[in-house]
Every structure is written in structure tokens, then in C-alpha cells.
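# Structure assessment
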Amino acid sequence: MACESAIKEYNVLTVLDELRAVDDFTQYCFWMRHFANLHPDLRCSPGSNCNTIIHTNQSENNHVTCSKCGNDVHAPADCDMMQKWMEKCAGDVESVRYLNENTKDCPICHVCIEKDGGCDSIRCVNCENIFCWICLGDKKNHENLNFNCEYLPCKSQHPVRQELDKFLFYFGKWEKHVQRVRLGDVTLEKIQKLANDEMLTSEEHLIDWKYLFDAAAVAAECHLTLQFSYVLAYFMECGSRKELLEYQQAQLAAEIGKLSWQIQWAETTDRGSLEFNSSICDRKREMLLTDFAI
């Protein structure tokens, strides 16, 4: 009967150390990862110090899908998160947006109130509380302002409203990067046309434009990573891990903004600067995937 127990790498290294073969094993892992990166159907695990090689599904146009669920690769979110997220997004998002923009909870009794016109002075029909529609503050704070509110809105304490706000926040982030990926496809077509025109009127070759295509590919990958990272953030509990994720998201988003601008104005952008920023984006993306590996 065959043993199906997995052997930890630590135990393997202990045995190899006794055989003085650790260097050979390290070199073997290096070449296996190198081979996986070149193979169209294989990917290296993004986990830190992980030598696992993952089989992926890839079509002829280099479209890679998750081997577990069959959908687009969605790291750093796992398959269960993606299923729950897509189920939420499949609902009537426009209705959710309407509720968020046109209804609020009374800050006293938490009854949901719909506003379809009038000023921002609201009287709750349930508890008679008068409050500001903008900041949910008490009437006495607005006596001299005629309800032209300049205060920041306070957060609703009702769990349902909090969940609604949370979903719309991350859905907005998600949708933004979905649009950025689509815009990236349009930009790629423009680059292709520009390259073709230049090759017709000069001695340039397609290889001279490879750096620009590579940068556009990096930008697209970064947008996809950020897109799915917001799914992870939505389901993640508050704490130091989530703070780290939010920090890395902000860092990556800032770098993508710079890179996208340079790609958009490629004709006047220094090639060295573009390649440098492209490498920064790629490193930050890999760091996020490594720190939050599935």
C-alpha cells in the first residue's frame, strides 16, 4: 500500500544535508522554476519560498485560467471568495447604489428614510428626530447654517448600512480596474497602430517597440492583481494584515498611475524611465502576490 503522506521540505533538506546534496537540490529547484516560467501551461506558486509548480489552463491567445475553478486567474483572492463575490455582483447593483445614494438611516432609531427632494433638514417619521441629511448631525449644530452643511458625514452604526457601504466601496474599486483593463486593450491597439505606421516610414522594426508592449502588459497584469485584491480586502477581517494589504494596494496603484501615463505619452517618454517604472510596478505586484498568496 502506497504512503500518501506529504513530506515537508524541512525534512527533505535535513536528509539532503546529511548527504551533502543541498546545493544540488537548490539548483534543481531553480531550474524547475525557470522551466515553469517558460512553459505555457505551468506557473510557479507566488508564495514566499515555495517551490510548488501549478498547472494552469491557457488558450492559444495566452488567456490563463484558474486550474481549480476554470475562471480567470484571480490571485490574490481564492476561488471561494471569487464565487461569493460574483454572486453579490450578480445581484441588482444599481438598486444597491440607489439605496446608498437616496436612503439613509435615522441616527437615533435607525429607521431607513428615503429622500426624493427638498432641503437637507430631515424629520424622522418614527422618532421625530430632526437631523442633517448630509452629515446625519443634530439640528442644533446647523442653526446658523440653514442646513448648508459643511461637516463630514458620520458613519452609520447600523450593521446593514455598514455592510452596504462596505460592498459599494470595494465594488467601486473593483469596477475601476475592470475599466482600466479595458482601456489598456484600447491603448495596446493604439501602440500597435503607431508601431506599424513608424515601421512603414522608417527603418524601425517591431523589436524596437517591444519595451512598450512589455510595459503595457505589466500595467494590465497590475490592474488585474489590484482588481482581485479588492475582493480579498472585502472578505478580510480588520487587523494588521489588512492594513498591510491596503498599504501595498495604495503603493501599487500609485506606481501604475505613473506607468500608465508614460505609456499613454510613449512618444515623448524616455525609454529608460518607462522600463524602470515598469520594473517597479512588476516588483510591487509580485510582492503583493507573495505576501498574500492563496
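Residues numbered from 1 in each chain as written. Predicted model: local features only at pLDDT ≥ 70, side-chain atom pairs only at ≥ 80, totals over all residues. Heavy atoms only, no water.

## Side note on the nonpolar core
- Counting residues in each nonpolar core, the largest one holds 40 residues, and the members touching the most others are Trp85, Trp174, Leu259 and Ile263.
- Examining the composition of this core, we find that 15 residues originate from one element, helix α6 (residues 210-235), more than from any other.
- Excluding anything up to four places from it in sequence, tryptophan 174 contacts Met82, Trp85, Met86, Gln227, Phe228, Tyr230 and Val231.
- The next biggest cluster of nonpolar side chains, apart from the first, holds 7 residues, and it includes Cys106, Ile113, Ile122 and Trp133. (Core = buried A, V, L, I, M, F, W, Y, C linked by side-chain atoms within 4.5 Å. Buried < 20%, exposed > 50% of the residue type's maximum accessible area, 1.4 Å probe, protein only. Helix = DSSP H or I, 4+ residues; strand = E, 2+ residues; numbered from the N terminus. Contact = heavy atoms within 4.5 Å.)

## Some remarks on the packing of helix α7 (residues 240-264) against helix α8 (residues 271-291)
- Taken N-terminus to C-terminus, the directions of α7 and α8 make an angle of 160 degrees; their axes are 9 Å apart at the nearest point. Between α7 and α8, the crossing angle belongs to the class labelled roughly antiparallel. For α7 against α8, the interelement crossing comes out left-handed. Of the residues in α8, those touching α7 at Arg241, Leu245, Gln248, Gln249, Gln251, Leu252, Glu255, Ile256, Leu259, Gln262 and Ile263 are Ser273, Leu274, Asn277, Ser278, Ile280, Cys281, Lys284, Arg285, Met287, Leu288 and Asp291.
- A per-class count over the contact of α7 with α8 returns 10 nonpolar, 7 polar and 5 charged. (Axes fitted to C-alpha atoms, helices over the stretch in contact; angles between N-to-C directions. Parallel < 35°, antiparallel > 145°, perpendicular 65-115°, else oblique. Left-handed = near helix turned anticlockwise from the far one by under 90°. Nonpolar A, V, L, I, M, F, W, Y, C, P; charged D, E, K, R; others polar.)

## Some words on unusual backbone geometry
- Residue proline 76 is bonded to the preceding alanine 75 through a cis peptide linkage, with omega at 10 degrees.
- Mapped onto the fold, proline 76 is located in the loop between β4 (64-65) and α3 (79-89).
- With a phi close to 65 degrees, histidine 110 is a non-glycine residue in the positive phi region.
- Of the residues examined, histidine 110 reaches a relative accessible area of 31% and is grouped as partly exposed.
- Positioned with a positive phi, glutamate 128 is a non-glycine residue whose angle comes to about 65 degrees.
- Here glutamate 128 is to be found in the loop between β7 (121-123) and β8 (130-132).

## Describing α7
- The terminal C-alpha atoms of α7 lie 36 Å apart, and with 25 residues this matches the ideal 36 Å at 1.5 Å per residue to within 8%.
- Burial in α7 covers these residues: Lys242, Leu245, Gln248, Gln249, Leu252, Glu255, Ile256, Leu259, Gln262 and Ile263. (Expected span 1.5 Å × (residues − 1).)

## Regarding the pattern of salt bridges
- Under the definition given, this model contains 5 salt bridges.
- A salt bridge links glutamate 128 to arginine 123, with the shortest nitrogen-to-oxygen separation between them at 3.4 Å.
- For glutamate 128, a relative accessible area of 46% puts it in the partly exposed group.
- The residue glutamate 255 makes a salt bridge to lysine 258 at a minimum N-O spacing of 3.7 Å. Note that glutamate 255 and lysine 258 are positioned in helix α7 at a spacing of 3 residues, about one turn of the helix.
- Among the ionic contacts, a cluster of salt bridges with common partners joins Glu221, Asp282, Arg285 and Glu286. (Salt bridge = Lys/Arg side-chain N within 4 Å of Asp/Glu carboxyl O.)

## Some thoughts on the environment of lysine 115
- Mapped onto the fold, lysine 115 is located in the loop between β6 (112-114) and β7.
- Between the C-alpha atom of lysine 115 and that of glutamate 101, which follows or precedes it by 14 residues, the distance is 9.2 Å.
- Every residue in contact with lysine 115, bar those within four places of it in the chain, is listed here: Asn102, Asp120, Ile122 and Trp133.

## Here we look at the environment of asparagine 102
- With respect to the helices and strands, the residue asparagine 102 is situated in helix α4 (residues 93-102).
- Take asparagine 102: its relative accessible area is 21%, and that puts it in the partly exposed class.
- Sequence-distant contacts of asparagine 102, that is, excluding residues within four places in its chain, are made with Ile113, Glu114, Lys115 and Trp133.

## Regarding the side chain of histidine 74
- Mapped onto the fold, histidine 74 is located in the loop between β4 and α3.
- Given a relative accessible area of 4%, histidine 74 falls into the buried group.
- A distance of 2.6 Å separates the side chain of histidine 74 from the backbone oxygen of alanine 77, its partner in a polar contact. (Polar contact = N/O pair within 3.5 Å; in protein donor to acceptor, adjacent residues only side chain to side chain.)

## A few points about the packing of aromatic side chains
- Scanning the entire structure with this criterion turns up 9 aromatic pairs.
- Among the aromatic residues, ring-to-ring pairing joins Trp85, Phe167, Phe169, Tyr170, Phe171, Trp174, Phe228, Tyr234 and Phe235 into one connected group.
- Its guanidinium or amino end placed over the ring of phenylalanine 167, lysine 88 lies 5.2 Å from that ring's centre, counting from NZ or CZ.
- Its guanidinium or amino end placed over the ring of tyrosine 234, lysine 166 lies 5.0 Å from that ring's centre, counting from NZ or CZ. (Phe/Tyr/Trp six-rings, centres within 6.5 Å; stacked < 30°, edge-to-face > 60°. Lys NZ or Arg CZ within 6 Å of the ring centre and 35° of its normal.)

## A look at the confidence of the model for the protein chain
- In the predicted model, the protein chain carries a mean pLDDT of 76, and 69% of its residues have values of at least 70.
- Ranking the helices and strands of the protein chain by mean pLDDT puts α7 first, with 90, and strand β3 (residues 57-58) last, with 52.
- Per-residue pLDDT stays below 50 along residues 58-62; that stretch engages in 5 contacts with residues further than four places along the chain or on separate chains. (pLDDT = per-residue confidence, 0-100.)

## Some thoughts on α6
- Along its 26 residues, α6 runs 38 Å from first to last C-alpha, staying within 8% of the 38 Å computed at 1.5 Å per residue.
- Judged by how many residues are buried, α6 sits mostly within the fold: 19 of 26 residues are covered.

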